[in-house]
Amino acid sequence: MSTAEFEKRTVDPAAAEMLTAAGEAQILTSWDRYKAQQPQCKFGLTGICCRICIQGPCRIIPSRPGQDKGICGASAYTIVARNLVRYIAGGASAHSDHGREIAYTLLHTAEGHAKDYKITDGKKLIQVAEKIGVATEGRDEIEIAKDVAVKALEDFGKYDHEPCTWLNATIDEERRLKFKHTNIAPTAIDRAIAQLLHQTHIGTDADPVNIIFGGLKAALADYTGMSLATDLTDVLFGTPQPVLTEANLGVLDAEKVNVAVHGHNPLLSQMVVYAARELEKEAVAAGAKGINLVGICCTGNEVLMREGIPTASNFGSQELVIMTGALDAMIMDVQCISPGVKDLCNCFHTMLITTSNISKVPGSVHIEFNETTAMEDAKKIVKLAIAQYGKRRPERVKIPQLKKQVVGGFSYEALIDLFAKINPDSPISVLTDAIAAGEIKGVCAFAGCNNQKTIHDHATITIAKELAKKDVFLVSTGCAAGALAKAGLLSTEGVEAFAGPGLKKFIKRLEEHSGLNAGLPLVYHMGSCVDNSRVARLWSNMAKNMNIPVPQLPFVASAPEAMSEKSISIGSWVITMGIPCHVGVMPPLEGSELVHGVTTKIARDVFGGYFIFETDPEKAAEKLYERIEKRGWKLRVHKTAAEKYNSSPARVYEG
Ligand code: BF8
Ligand code: SF4
């Protein structure tokens with residue numbers, strides 16, 4: 001592909017520079033492979049290809065008698081619904097298994113079997129314990145941690161009929177009843193996922209609506225898994241606080257040993273951070289100026305949030321970190337690591353190190369990471385990277401000198417601390433009062449990935465700028481945060497350039513009181529994809545403070561470049577909570593009008609949240625803003641009426 005072509009496929013100038021270099025060197029990347037895959041199969045694209053049993057694949061052609069159903073008689077709506085919810089099962093498995101690993105490590109830490117880990121945030125431990133009903137009075141941290149970890153593990157496989165603890169403890173009464181009446185509250189995470197696979201086996205459920213509700217149960221299992229993952233990770237490694245760092249390929253340092261952590265689970269990446277600090281001298285002895293650790297994808301977000309480790313790339317540009325010729329090792333754990341990175345490693349000296357027994361890539365070096373020998377394993381891995389530095393070929397090093405400042409680390413607690421500087425008695429009121437006064441119009445949370453079907457980073461940045469201009473307060477997680485970081489939107493520079501007058505005034509007011517050395521950013525980085533639980537906590541507490549149900553809140557979500565199964569499971573629980581969720585890539589459900597209608601319309605009547613599928617970013621921004629405005633306007637009408645008649649505000653769905 002030519003430079004001009006690449007420039008149409010990404011708005012990240014560093015990525016474009018590296019893609020041009022790859023093109024010149026005839027090194028293929030996912031950008032080329034996407035092109036080579038065109039045209040993609042229409043049956044698959046619209047969700048009407050079924051491979052659930054090996055009589056298939058069955059492809060539906062509605063106008064052709066005999067082919068208007070699958071061999072078993074499954075209609076298009078059954079097939080589309082089954083395919084869709086099986087994505088949710090995949091996403092929920094990934095997120096919750098990550099959470100399970102964290103819970104086991106907390107348990108083993110409390111039992112003394114994981115000596116390299118400790119309870120870093122005792123305050124959070126107490127808060128979590130109290131939230132889930134674990135006694136704290138007169139007990140030491142270790143005892144409490146053990147009970148908390150056991151409760152978390154019980155959420156995976158308990159056999160009573162009560163909803164999962166982490167779900168029940170984090171939603172209000174209105175949602176509790178809603179989930180009960182719609183029968184979508186999971187009683188155990190593993191059960192919800194297994195049941196969904198059962199429900200979608202050939203010859204089980206043919207009713208698309210029932211299948212979708214089964215999917216929503218698994219989506220809430222996804223929520224449960226990620227909520228406990230966030231909580232317990234904060235206990236083990238600390239709750240993020242504002243931190244200053246940088247993003248994009250310019251964070252690589254030609255004079256240092258460059259090591260990238262890639263994947264999701266901070267149990268590994270956090271240990272690599274500690275190990276790298278201890279092994280600085282060895283890197284110097286090897287002729288480098290030190291070790292430069294960088295992050296990719298969500299494990300990158302985890303260490304950015306807690307340690308200020310810079311981000312080299314998000315999902316879309318992961319191969320290009322290797323293309324710089326300056327990366328000595330890429331350490332991967334699980335999820336979203338494109339196997340194509342190995343092809344790039346083969347063209348350079350970069351060592352790909354796999355660490356999980358469920359995540360291996362042929363030809364890479366495998367160092368099994370074990371919680372009982374965590375530090376030892378992490379050191380072994382970092383030493384391999386240092387040894388690799390000597391094999392680097394300086395003439396092949398080409399680092400784009402492009403990076404942006406990032407102010408990150410806005411956990412829910414960090415945001416509340418910020419608001420508390422203005423209103424210590426009711427911190428969240430700082431946000432809700434600004435909305436009530438119309439200074440800011442509402443909140444939009446960005447989440448999700450990059451997808452080769454879209455222009456890399458473009459939609460995320462475009463929508464964020466449009467909404468900022470209209471005074472919408474913005475938060476972000478995942479690879480969307482990566483896109484915004486690389487574009488300078490997670491910095492003070494972003495405020496000056498893009499905030500509307502109300503938003504600017506609001507941020508400046510926070511900044512004046514913040515007591516931080518750095519200025520505040522335009523968009524607030526709340527963490528990795530599992531940290532969407534932090535975003536849910538934000539909207540729950542805003543609604544509680546305003547005395548309204550979540551579906552009335554002027555709060556929307558957007559996954560402009562959604563790609564993974566995980567993004568589908570997140571989007572699905574977001575709508576069950578009552579939040580409209582924009583998706584910028586059309587998922588494979590156009591093969592059934594009925595299923596499409598359930599996700600975009602029926603969901604609105606039942607839950608107040610629903611999907612907005614819109615591939616044009618400008619139009620998407622308009623639709624999101626329209627939602628925020630309408631909800632905000634109705635709130636003000638209800639508030640005025642309540643004041644006039646001395647009653648409480650109406651509690652109705654706004655959709
Ligand atoms: O969990 S945003 S591409 S890295 S799935 Fe993957 Fe999507 Fe990135 Fe993080 Ni989330
Ligand atoms: Fe075909 Fe039915 Fe088998 Fe699907 S489950 S592949 S529609 S026969």
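Numbering of residues starts from 1 in each chain and follows the order in which that chain's sequence is written. Think of it this way: whatever chain is written first is A, whatever ligand is written first is 1, and the rest follow in order. For a predicted model such as this one, the threshold for reporting local features is a pLDDT of at least 70, and the threshold for listing and counting side-chain atom pairs is 80 or more; totals across whole chains, interfaces and linings nevertheless cover every residue. Side-chain numbers here rest on the full set of heavy atoms in the structure, without hydrogens or water.

Novice: Would you mind going over the environment of Leu624 with me for this structure?
Specialist: Runs of H or I in DSSP of at least four residues are treated as helices and runs of E of at least two as strands, each being numbered from the N terminus. Structurally, Leu624 is set in helix H27 (residues 617-645). When the C-alpha positions of Leu624 and Cys347 are compared, they lie 43 Å apart, and in sequence the two are 277 residues distant. The residues contacting Leu624, other than those within four sequence positions of it, are Ile463, Leu467, Val556, Ala557, Ser558, His582 and Ile612. Should any heavy atoms of two residues lie within 4.5 Å, those residues are considered in contact.

Novice: I'm lost on the layout of surface pockets in this one. Help?
Specialist: A water-sized probe rolled over the atoms picks out the places where empty space is left. Cavities and pockets are defined on a 1 Å grid built over the protein atoms alone: a cavity is a set of grid points where a 1.4 Å probe fits but cannot escape, while a pocket is an open set with protein on both sides within 12 Å along at least five of seven lines, and lining residues are those with an atom within 4 Å of any such point. Grid points are joined across faces, edges and corners, and a volume is the space filled by probe spheres set on the points. If you add up the space inside the second largest pocket, you get close to 810 Å³. Lys131, Thr170, Tyr412, Arg537 and Asn541 are, among the 39 residues lining the second largest pocket, the residues nearest its centre. Taken together, the elements giving at least two residues each to the lining of the second largest pocket come down to helix H6 (122-132), helix H9 (173-181), helix H11 (208-237), helix H18 (412-420) and helix H24 (532-546). Considering each element in turn, the lining of the second largest pocket owes the most residues, nine residues, to H24. The residue classification treats Ala, Val, Leu, Ile, Met, Phe, Trp, Tyr, Cys and Pro as nonpolar and Asp, Glu, Lys and Arg as charged. All others, Gly included, are polar. Here the residues of the lining of the second largest pocket are counted per class, giving 12 nonpolar, 10 polar and 17 charged.

Novice: Would you take a moment to explain the coordination of the nickel atom of ligand 1 for this structure?
Specialist: When a metal holds four donors in a tetrahedron, each ideal angle between them is 109.5 degrees; when it holds six in an octahedron, the ideal angles are 90 or 180 degrees. Only N, O and S atoms count as donors, using a 2.8 Å cut-off from the metal and 3.2 Å for Na, K and Ca, and because water is excluded some sites may appear unfinished. Coordination of the nickel atom of ligand 1 by the protein comes from a single atom, Cys529 (SG), at 2.2 Å. For the nickel atom of ligand 1, the four donor atoms are set out with angles of 93 to 152° between them, so the coordination reads as irregular. Note that Cys529 resides in the loop between strand S13 (523-527) and H24. When four donors show all angles between 85 and 135 degrees the site is tetrahedral, when four or six donors have opposite pairs over 155 degrees and all other angles between 65 and 115 it is square planar or octahedral respectively, and in every other case it is irregular.

Novice: For this particular structure, what's the right way to read the sheet that holds strand S16 (residues 611-613)?
Specialist: Two pairing modes exist for strands in a sheet, parallel and antiparallel, and in both the strands are linked by backbone hydrogen bonds. Across the sheet, six strands lie side by side as S13-S12-S11-S14-S15-S16; this open sheet has parallel pairing. Two strands in the sheet have a free side with no partner beyond their single neighbour: S13 and S16. For this sheet, the mean inter-axis angle between neighbouring strands, taken without regard to orientation, is 25°. We treat two strands as partners when DSSP finds at least two bridges between them. With four bridges connecting them, strand S12 (residues 472-477) and S13 associate as parallel partners. Directly across from Thr477, in S13, lies its bridge partner Gly527. A fitted line through C-alpha atoms serves as each axis, taken over the contacting stretch for helices, and the angle formed by two N-to-C directions is quoted from 0 to 180°.

Novice: What am I meant to see in the site of ligand 2 here?
Specialist: Proximity is defined per residue: any heavy atom of the residue falling within 4 Å of a molecule or strand makes that residue near it. Every residue close to ligand 2 is listed here: Cys50, Ile52, Cys53, Gln55, Gly56, Cys58, Gly70, Ile71, Cys72, Arg82 and Ile202. Considered class by class, the residues forming the shell around ligand 2 number seven nonpolar, three polar and one charged.

Novice: Hey, could you run me through the packing of aromatic side chains in this one?
Specialist: Note on aromatic pairs: each is described by the distance of the centres and the angle between the planes. Only Phe, Tyr and Trp rings are paired, with Trp represented by its six-membered ring, and only when their centres lie within 6.5 Å; those with planes under 30 degrees apart are stacked, over 60 edge-to-face, the remainder tilted. Within the structure shown, the criterion is met by nine aromatic pairs. For the pair Phe473 and Tyr524, a centre-to-centre distance of 5.0 Å together with 25° between the ring planes defines the contact as stacked. With a gap of 51 residues between them, Phe473 in strand S12 and Tyr524 in strand S13 connect regions that are remote in the sequence. Under the scheme applied here, a residue whose accessible area is under 20% of the maximum for its type counts as buried, over 50% as exposed, and between as partly exposed, the area being computed with a 1.4 Å probe on protein chains only. Since its relative accessible area comes to 0%, Phe473 is described here as buried. Linked through ring pairs, Tyr223, Trp539, Phe555 and Trp573 together constitute an aromatic cluster. We call a charge positioned above a ring when the Lys NZ or Arg CZ atom is no farther than 6 Å from the ring centre and deviates by at most 35 degrees from the ring normal. Between Arg59 and the ring centre of Phe43, over which it is positioned, the NZ or CZ distance is 5.1 Å. The positively charged end of Arg604 is found above the aromatic ring belonging to Tyr610, 4.6 Å away from the centroid.

Novice: I'm lost on the nonpolar core in this one. Help?
Specialist: Nonpolar side chains in soluble globular proteins tend to end up buried together. Grouped together as the largest cluster of nonpolar side chains are 181 residues, with contacts concentrated most on Val148, Phe473, Leu538, Trp539, Phe555 and Trp573. Element by element, the count of residues in this core is highest for H11, at 16 residues. For Trp573, the residues in contact, after removing those within four places along its chain, are Ala219, Leu220, Asp222, Tyr223, Met226, Asn532, Ser533, Ala536 and Trp539. If you look at the next biggest cluster of nonpolar residues, it comprises 35 residues, including Trp31, Cys297, Leu320 and Cys479. The nonpolar core is taken to be a set of buried Ala, Val, Leu, Ile, Met, Phe, Trp, Tyr and Cys residues, with the residues joined through side-chain atoms within 4.5 Å.

Novice: What am I meant to see in the pattern of salt bridges here?
Specialist: Two side chains carrying opposite charge are able to pair once their charged atoms lie near each other. Each salt bridge in this description consists of a side-chain nitrogen of Lys or Arg and a carboxyl oxygen of Asp or Glu lying within 4 Å of one another. For the structure on display, the rule yields 36 salt bridges. Residue Lys508 is joined to Glu511 by a salt bridge in which the shortest nitrogen-to-oxygen separation is 3.2 Å. Residue Lys508 and its partner Glu511 are both found in helix H23 (residues 501-514); the two are separated by three residues, about one turn of the helix.

None of this, on its own, says anything about what the molecule does.
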